[in-house]
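Descriptive structure summary
Residue strings, one per chain:
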Amino acid sequence: MRRGVIKTEEEINDALIKLSVELNEVFCGEQVEIVKMNSAAKLFAHDLSKLLEFDFNSQTLKFESYEDSSKQEVKITKDLSSPIEGKDLVILDGIIISG
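Here goes a summary of the coordinates provided.

Calculation rules
Residues numbered from 1 in each chain as written. Predicted model: local features only at pLDDT ≥ 70, side-chain atom pairs only at ≥ 80, totals over all residues. Heavy atoms only, no water. Core = buried A, V, L, I, M, F, W, Y, C linked by side-chain atoms within 4.5 Å. Buried < 20%, exposed > 50% of the residue type's maximum accessible area, 1.4 Å probe, protein only. Helix = DSSP H or I, 4+ residues; strand = E, 2+ residues; numbered from the N terminus. Contact = heavy atoms within 4.5 Å. Expected span 1.5 Å × (residues − 1). Phe/Tyr/Trp six-rings, centres within 6.5 Å; stacked < 30°, edge-to-face > 60°. Patch = residues over 30% accessible without salt bridge, like charges linked within 9 Å, V, L, I, M, F, W, Y side chains within 5 Å. Areas by Shrake-Rupley, 256 points an atom, 1.4 Å probe, with all protein chains shown as cover. Salt bridge = Lys/Arg side-chain N within 4 Å of Asp/Glu carboxyl O. Pairing = 2+ DSSP bridges.

**Considering the nonpolar core**
Core analysis: the biggest nonpolar cluster contains 12 residues, these being Leu-16, Leu-23, Phe-27, Val-32, Ile-34, Ala-41, Ala-45, Leu-48, Leu-52, Phe-54, Val-90 and Leu-92. Elements with a minimum of two residues in this core: helix H1 (9-26), strand S1 (31-37), helix H2 (42-49) and strand S4 (88-92). With near-sequence residues (within four places) excluded, Ala-45 lies in contact with Lys-36 and Leu-92.

**Regarding H1**
Look at H1: 26 Å from first C-alpha to last across 18 residues, which is about the 26 Å you get at 1.5 Å a residue. Summarising the contacts, the buried residues of H1 are in contact with H2 and S4.

**Comments concerning the packing of aromatic side chains**
Using the criterion set out here, one finds two aromatic pairs in the structure. Counting every residue linked through ring pairs, the aromatic cluster contains Phe-27, Phe-54 and Phe-56.

**With respect to a nonpolar patch on the surface**
A cluster of nonpolar residues, Ile-17, Val-21 and Leu-51, forms a patch on the protein surface that exposes about 220 Å² of accessible area. Position of Ile-17 among the secondary structure elements: in helix H1. What makes Ile-17 partly exposed here is its relative accessible area of 45%.

**Things to note about the pairing of S1**
The buried count for S1 comes to six of seven residues, which makes it a mostly enclosed element. Of the strand pairs in this sheet, S1 and S4 are connected by five bridges, and their pairing is parallel. Across the sheet, Ile-34 pairs through a bridge with Val-90, a residue of S4.

Shown next, in the form of structure tokens:
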């Protein structure tokens, strides 16, 4: 099956700008924790961070998911480097897998 372009570069940039405007309004003057899920959001987070006008700390949570016969589990392979409890949080994930 041949696939075409899902979103053009211009459409992606427009969506990124729209998201940054919304985040800048919501978090104006705040300190925010940005958590990237695994490495999938790395490039997206880099591009977004250039458009943010508030203070933030960026961290990465790395994990592996696997199934056995009775349950699904997630194994954290790299935890966050600083606590996020009670802080404003933006979670970035580049790929969402469902099944």
